[in-house]
Amino acid sequence: MRVVYPHVGKFTEAMEALDSSGYPWEAVELDPSDNEAYYRLLADLWHSGEDFLVVEQDMVPPPGAIKELDECESEWCGNAYWLYGNWGVWLGTTRFRGELTRRHPDLMETIVSRDWHALDSAITNHLRLLGYPEAHWHWPAARHLVPKIFAGPGQFIQCRCGAAFGNEVFERNPLTCQECGVETWTPIPERTATDITL
């Protein structure tokens, strides 16, 4: 199983958890100004036909989790974590089997919303449309070092670098992150985490 740590900023705790897993892993630096860089990485991993595990930059898998995910018979699984006010398996610590990716080799090309903000929902919704109701959940939960914060009705806003924005983000667009200087457009207030993203 290939273990990949995509990042625009590195989190020591996450990397220490990967180091202690006993599995080789690779850090893949993504360009923070390219909203589709993560999509291209995942598309490459998908097309490889190999089993792969994504551990996002701000996720700390619990002890033993990577071995457990590697040994799990499910084709799509991950450690649950708290996001958008709910427990779920998004892309934070998620493993895909090569059997699944080879069975659906064109899945990534069917995704319209390739921005990193919506990629977890897009992949999940495409797999649901193909008859996979949900990823297999593993416990204990992964620890999310920079969980999305509540920034307005139904909104959780965070810069790619991990800095959080407050309620004032809806008063101006684009806003410039005070941590990294990247301009970010906030989503429209009506959008919620339950919107269908394809």
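What you are looking at is a predicted structure, and each value in this text was computed from that prediction instead of being measured. (Residues numbered from 1 in each chain as written. Predicted model: local features only at pLDDT ≥ 70, side-chain atom pairs only at ≥ 80, totals over all residues. Heavy atoms only, no water.)

A. Inspection of the nonpolar core at higher detail. Judged by nonpolar contacts, the single largest core of 29 residues is most densely connected at Tyr38, Leu42, Phe96, Met108, Ile123 and Leu127. Elements with a contribution of two residues or more to this core: α2 (37-48), β3 (52-55) and α5 (119-129). Non-local contacts of Leu42, meaning those with residues more than four positions away in its chain, are made with Phe52, Val54, Leu91, Met108, Leu119 and Ile123. Counting 21 residues, the second-largest nonpolar core is a separate cluster that includes Tyr5, Ala14, Met15 and Val60. (Core = buried A, V, L, I, M, F, W, Y, C linked by side-chain atoms within 4.5 Å. Buried < 20%, exposed > 50% of the residue type's maximum accessible area, 1.4 Å probe, protein only. Helix = DSSP H or I, 4+ residues; strand = E, 2+ residues; numbered from the N terminus. Contact = heavy atoms within 4.5 Å.)

B. Focus on the sheet that holds strand β2 (residues 26-29). Strand order in the open sheet made by the six strands is β2-β1-β3-β8-β5-β9, with mixed pairing throughout. Sheet topology places β2 and β9 (136-138) at the edges, where each strand pairs with a single neighbour. On average, each strand axis in the sheet is tilted by 25 degrees relative to the strand beside it, whichever way the strands run. Relative to β2, strand β1 (residues 2-7) runs parallel, the two being bridged by four bridges. Paired with Pro6 across the strands is Val28, a residue of β2. Packed onto the sheet, α2 meets β1, β2, β3 and β8 (93-96) and runs at close to 160 degrees relative to β3. (Pairing = 2+ DSSP bridges. Axes fitted to C-alpha atoms, helices over the stretch in contact; angles between N-to-C directions.)

C. Representation of α2 within the structure. Over its twelve residues, α2 extends 17 Å from the first C-alpha to the last, a length consistent with the 16 Å expected when each residue adds 1.5 Å. Next to the buried residues of α2 lie β1, β2, β3, β8, α4 (98-103) and α5. (Expected span 1.5 Å × (residues − 1).)

D. Layout of the packing of aromatic side chains. A complete count under the given rule lists six aromatic pairs for this structure. Pairing Trp46 with Phe96 gives two aromatic rings, centres 5.4 Å apart and planes at 65 degrees, and the pair type is edge-to-face. Taken together, the residues Trp46 in helix α2 and Phe96 in strand β8 connect sequence positions 50 residues apart. A ring pair is formed by Trp137 and Trp139, whose centres lie 5.8 Å apart and whose planes are at 55 degrees; its orientation type is tilted. The class for Trp137 is partly exposed, based on a relative accessible area of 26%. Members of the aromatic cluster, connected to one another through ring pairs, are Trp46, Phe52 and Phe96. (Phe/Tyr/Trp six-rings, centres within 6.5 Å; stacked < 30°, edge-to-face > 60°.)

E. Spotlight on the environment of Tyr38. Within the secondary structure, Tyr38 is located in helix α2. Overall, the relative accessible area of 8% leaves Tyr38 in the buried class. Through-space distance from the C-alpha of Tyr38 to that of Val8 is 9.9 Å; in sequence the pair is 30 residues apart. Setting aside chain neighbours within four positions, we find Tyr38 in contact with Pro6, Leu30, Val54, Glu56, Leu91, Trp116 and Leu119.

F. Molecular detail of the pairing of strand β5 (residues 76-79). With burial as the criterion, each face of β5 is covered, one bearing Trp76 and Gly78 and the other bearing Cys77 and Asn79. Of the pairings in the sheet, the one linking β5 to β9 comprises three bridges and is parallel in character. In the sheet register, Gly78 faces β9, and the bridge partner there is Trp137.

G. Seen up close, the pairing of β8. Side chains Thr93 and Arg95 project from β8 onto one buried face, and the interleaved Thr94 and Phe96 project onto a second face that is buried too. Looking at chain direction, β3 and β8 are connected through four bridges and run antiparallel. Looking at the pairing, Val55 lines up with Thr93 of β8. As defined by bridge partners, β5 adjoins β8 across three bridges and the pair is classed as antiparallel. Looking across to β8, one finds that Cys77 is bridged to Arg95.

H. Summary view of unusual backbone geometry. Cis geometry is found at the peptide bond from Trp139 to Pro140, where omega equals 5 degrees. Looking at the secondary structure, you find Pro140 in the loop between β9 and β10 (143-144).

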